Amino acid sequence: MQETGLPITRPIVLKIGGAPIEEPSKHSKLWDAIAGLHRARAGRLVIVHGGGAAIDDRLRRMGMEPIKRDGIRVTPREQIGEVVAVLRGIANAALVGALCARGCRAVGLCLGDGGLTRAEISKRFLFDPGLVGDITGGDPSVVRSLLAGGMLPVIAPIAFDSGGGPLNVNADDAAAAVARIIGAESLVLLTDVPGVMDGDGKVIAQLDEAGAAALTERGVIRGGMIPKVRGGFEAARASGTATIIAGWGDGVTFTALAEGRAVGTRLVVG
């Protein structure tokens, strides 16, 4: 497939996970803000979402136990159908519905649709992750065509292997791959805090890996922020574009993005 060649200004990729995916009906202000950002940027916006807790809940209801190792969801063959049902089905449909209700022409798809990505079973780990995928390449045409038509792509992190079988892709990895493939202006990893905080509780505007290591050693970066920062740097390297950690609960985030101003913590690699 050839690229469309349509003249589209580089989009922002937003990665959303956590509470808004688990209970979308309780986060109407977030969907209002994203709809406003979509309009402000004349449609130059792409969403990639996760759904970890919702997957855990479904697996347990089906009598299966979630398995995680080193921050990765191990995905045995017997669980992949339930993972797809949550990510490509329940979670994706809820987000698309919330955004369509706010006047966005949102379109749900997954990583494998339209050849957006190519993937293979991951070989990065010292253990067998099951049907966990790594993105090996892709074609931006489907997303560029949707953007050119004023649509808002909402992408679930399910890819296909060479035989067409589904693979579960870590949502941060998925967002980084999409940002790289479509040539995004920036990748924004939305979280439950406005950015990485310093010792005084203020957002750090820019952070490199050496600075992050020092803050972690001092205990300033701690708890759940440690994997978020680590994953953010990995996403920055993988996407090859500006990568930002910012808060989904902070309306300032979306106003700043709409106006092209700095927001959250920009991660610097290299």
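Structure's up top.
In this report, the structure presented in the accompanying data block is examined. Just so it is clear, the model here is predicted, and its values are computed rather than measured. (Residues numbered from 1 in each chain as written. Predicted model: local features only at pLDDT ≥ 70, side-chain atom pairs only at ≥ 80, totals over all residues. Heavy atoms only, no water.)

### Topic: the pattern of salt bridges
Part 1: What the rule picks out here adds up to 14 salt bridges.
Part 2: Note that Arg 58 is salt-bridged to Glu 82, the shortest N-O span being 2.6 Å. Remark: Glu 82 occurs in helix α4 (residues 77–100) and Arg 58 occurs in helix α3 (residues 52–61); sequence separation between them is 24 residues.
Part 3: Classification of Arg 58 as buried rests on a relative accessible area of 18%.
Part 4: For Arg 261, the salt bridge is made with Glu 259, and the minimal N-O distance between the two is 2.7 Å. (Salt bridge = Lys/Arg side-chain N within 4 Å of Asp/Glu carboxyl O. Helix = DSSP H or I, 4+ residues; strand = E, 2+ residues; numbered from the N terminus. Buried < 20%, exposed > 50% of the residue type's maximum accessible area, 1.4 Å probe, protein only.)

### Thoughts on the environment of Leu 190
Part 1: Relative to the elements of secondary structure, Leu 190 occurs in strand β11 (residues 186–191).
Part 2: Once the C-alpha coordinates of Leu 190 and Gly 224 are considered, the two residues, 34 residues apart in sequence, prove to be 14 Å apart.
Part 3: Look past the residues within four positions of Leu 190 in its chain and what remains in contact with it is Leu 14, Lys 15, Ile 16, Ala 246, Gly 247, Trp 248, Thr 253 and Phe 254. (Contact = heavy atoms within 4.5 Å.)

### Here we look at the sheet that holds β11
As a general point, the strands of a sheet are linked pairwise by backbone hydrogen bonds and lie either parallel or antiparallel.
Part 1: Strands sit in the order β5-β8-β2-β1-β11-β13-β14-β12 across an open sheet of 8 strands; the sheet is mixed. A single partner strand is all that each edge strand has here, and the edge strands are β5 (106–110) and β12 (206–208). When strand polarity is set aside, the average angle formed by the axes of neighbouring strands in this sheet is 25°.
Part 2: Here helix α8 (residues 225–239) sits on the sheet in contact with β11, β12, β13 (242–247) and β14 (265–268), set at roughly 150° to β13. (Pairing = 2+ DSSP bridges. Axes fitted to C-alpha atoms, helices over the stretch in contact; angles between N-to-C directions.)

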